[in-house]
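# Coordinate analysis (summary)
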Amino acid sequence: NQLDGILIHSDNYQALNTIKLKYYGKIQTTYIDPPYNAPSSEIIYINNYKHSSWLTMMENRIEIAKQLMTPDGIFECAIDDNELEPLGILLEKKFPDKEKTCITIVHNPSGTQSNDFSVTHEYTFVMFPKVNSGRIINLEERDDENADIRNFMNTAKGSGDNYKRESGKNCFYSILVEDEDIIGFGEVCDDSFHPKEPNILRKDGIVEVYPIDNEGTERKWVFSRKTVEKIKKELFVKEIGGEIRIMRKKNLLNFKTVWTDTKYSAKTYGTGLLTNLGLNTFDFPKSIFNTKDFIHLASSSDSLILDFFPGSGTTAHSIIELNK
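Let me begin by describing the structure that accompanies this report. The model shown is predicted, which means the values in this text are computed figures rather than measured ones.

### Observations concerning unusual backbone geometry
- With phi around 65°, Glu 180 is a residue other than glycine that occupies positive phi space.
- Mapped onto the fold, Glu 180 is located in the loop between β7 (173-178) and β8 (181-188).
- Take Glu 180: its relative accessible area is 64%, and that puts it in the exposed class.
- For Phe 284, which is not a glycine, the phi torsion comes out positive at approximately 55°.
- Within the fold, Phe 284 resides in the loop between α4 (266-276) and α5 (288-298).

See below:
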C-alpha cells in the first residue's frame, strides 16, 4: 500500500493472464529485462531449438502484455547480441503500428574478456506510436553541469554555403545585449545591410550582436527571428576574445540513441548498489539510472508501468525514485 504498486510472485505467463481483465488497455509503459539467452545463462530448450524456444517464450508473454497497453503505450525491452536480431523481428511483428528504435547503452565500460572483441554495450528496443505531429518520447533532463552548451551562431560548415547568411535570411538579425543580459531582438536585416563587426555599440549603451565569425563571414543564428523568442530563456551572453557572443544552454534534449554516461555502469550502479543494500544475490542487475531514464522517457506521473521480468526490482526502485 505504501508503494502504490502490485508485486505478483508467479510464473510471469500465468501472472499476465491473471491481471489481463483488470488492466486491459491501462498500461502506459512496459519495460522488461528478460533473460538474454547468453551462453552463461541459456534457457532450457529441447534439442537444438535454442532461438525458437526463447522466441516462443517471449512471444507468448508479449502477446498478453500488448493487450494490457493503452493505445499510445510504449514497450521497451532490454537485450544483448545473442537475441538482438530475432527479438527485433519479433517486435516488428507484434507491434506493426509502432515505430522501432534500438538504443545502445555502454553498461560495461571496461569491456568483457574475449579473444576477439571486448564487448562494452547492450541494447534496449523502444516501440512507440507513429504520429505525424506532437511529441511522444519525453525529453532528457540535464542539470546545469551536464547541460548542452554551444554557440547560438551556426558554426558548422556543412555542404556548400548552408551555414552562411544567404542560406537563411530570416536568421540574420541583431540580438540586443545590455549589462550582459539579452533584452530583445532586432528585426530581420535588409539584404543591403552589412554590419562592419559582430558587436555594434549604440549611443544608449545597448550592444547589437550579429552572427559574424572571426573571419568576418556573415553567418546566421540557429533560430529564425519568428521562432527565437520561444527559446530566449536558453540564451546567454559570453565574452570570447573581447567580443560578446551568444550561447545556448539546453537542459532539455532529445534522448540520444547511444548512451555513454558513466551512470549507466551496471557494475557501479547495479551490482554495487544492491551490495550496499545487502542484496548481492542477483546476477546482472541494471544500473538504476539506466532504468530510470527508460521509464522517464516513456511515462508521465500518472502512468501505470508494467515489468514482467522484474529480477532484483530495479524497475520498482526507479519508479520510487522518480516519484520522489
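### Things to note about the side chain of Gln 28
- Residue position: Gln 28 is located in strand β1 (residues 27-32).
- When its relative accessible area of 15% is taken as the criterion, Gln 28 is described as buried.
- Ignoring anything within four residues of it in the chain, the contact list for Gln 28 reads Thr 70, Asp 72, Gly 73, Ile 74, Ala 298, Ser 303 and Leu 304.

### Describing the sheet that holds strand β11 (residues 235-240)
- One open sheet holds the 3 strands; their spatial order is β6-β12-β11, and the pairing between them is antiparallel. Every other strand in the sheet has two partners, leaving β6 (148-151) and β11 as the edge strands with one partner each. Going from strand to strand, the sheet's axes swing by 35° on average, the running direction of each strand aside.
- In this structure, β6 lies alongside strand β12 (residues 243-250), joined through 4 bridges in antiparallel fashion. In the strand pairing of β12, Ile 149 is matched with Lys 249.

### Thoughts on the environment of His 296
- Tracing the sequence through the fold places His 296 in helix α5.
- For the pair His 296 and Val 222, spaced 74 residues apart in sequence, the C-alpha separation works out to 28 Å.
- Excluding residues within four positions of it along the chain, His 296 makes contact with Asn 138, Leu 139, Glu 141, Phe 255 and Leu 322.

### Considerations on the packing of helix α1 (residues 12-23) against helix α2 (residues 50-68)
- With their axes 9 Å apart at the nearest point, α1 and α2 run at an angle of 15° to one another. As summarised for this structure, α1 and α2 are arranged roughly parallel, according to the angle between their axes. In the crossing of α1 with α2, the sense of the turn from one axis to the other is left-handed. From α1, Asn 12, Tyr 13, Leu 16, Asn 17, Ile 19, Lys 20 and Tyr 23 reach across to α2, where they touch Asn 60, Arg 61, Ile 64, Gln 67 and Leu 68.
- For the contact of α1 with α2, the class distribution of residues is 6 nonpolar, 4 polar and 2 charged.

The rules behind these values
- Position labels on residues start from 1 in each chain and follow its written sequence.
- With pLDDT at 70 or above as the cut-off, local features in this predicted model cover only qualifying residues; side-chain atom pairs require 80 or more to be listed or tallied, and sums for whole chains, interfaces and linings still use all residues.
- No hydrogens and no water enter the side-chain calculation; it runs on all heavy atoms of the structure.
- Helix and strand definitions follow DSSP, with helices as H or I runs of at least four residues and strands as E runs of at least two, each counted in order from the N terminus.
- Note on classification: 1.4 Å probe, protein chains only; a residue is buried when its accessible area is under 20% of the maximum for its type, exposed when over 50%, partly exposed between these limits.
- The contact criterion used throughout is that any non-hydrogen atoms of two residues lie within 4.5 Å.
- Note on pairing: two strands pair once DSSP finds at least 2 bridges between them.
- Each axis is a line fitted through C-alpha atoms, and for a helix only the stretch in contact is used; angles between axes span 0 to 180 degrees, taken between their N-to-C directions.
- Under this scheme an angle from 65 to 115 degrees is roughly perpendicular, one under 35 degrees roughly parallel, and one over 145 degrees roughly antiparallel; angles in between are oblique.
- Left-handed describes a crossing whose near helix is turned anticlockwise from the far helix through less than a right angle; right-handed describes the clockwise counterpart.
- Any residue that is not Ala, Val, Leu, Ile, Met, Phe, Trp, Tyr, Cys, Pro, Asp, Glu, Lys or Arg is counted as polar, Gly included; the first ten are nonpolar and the last four charged.

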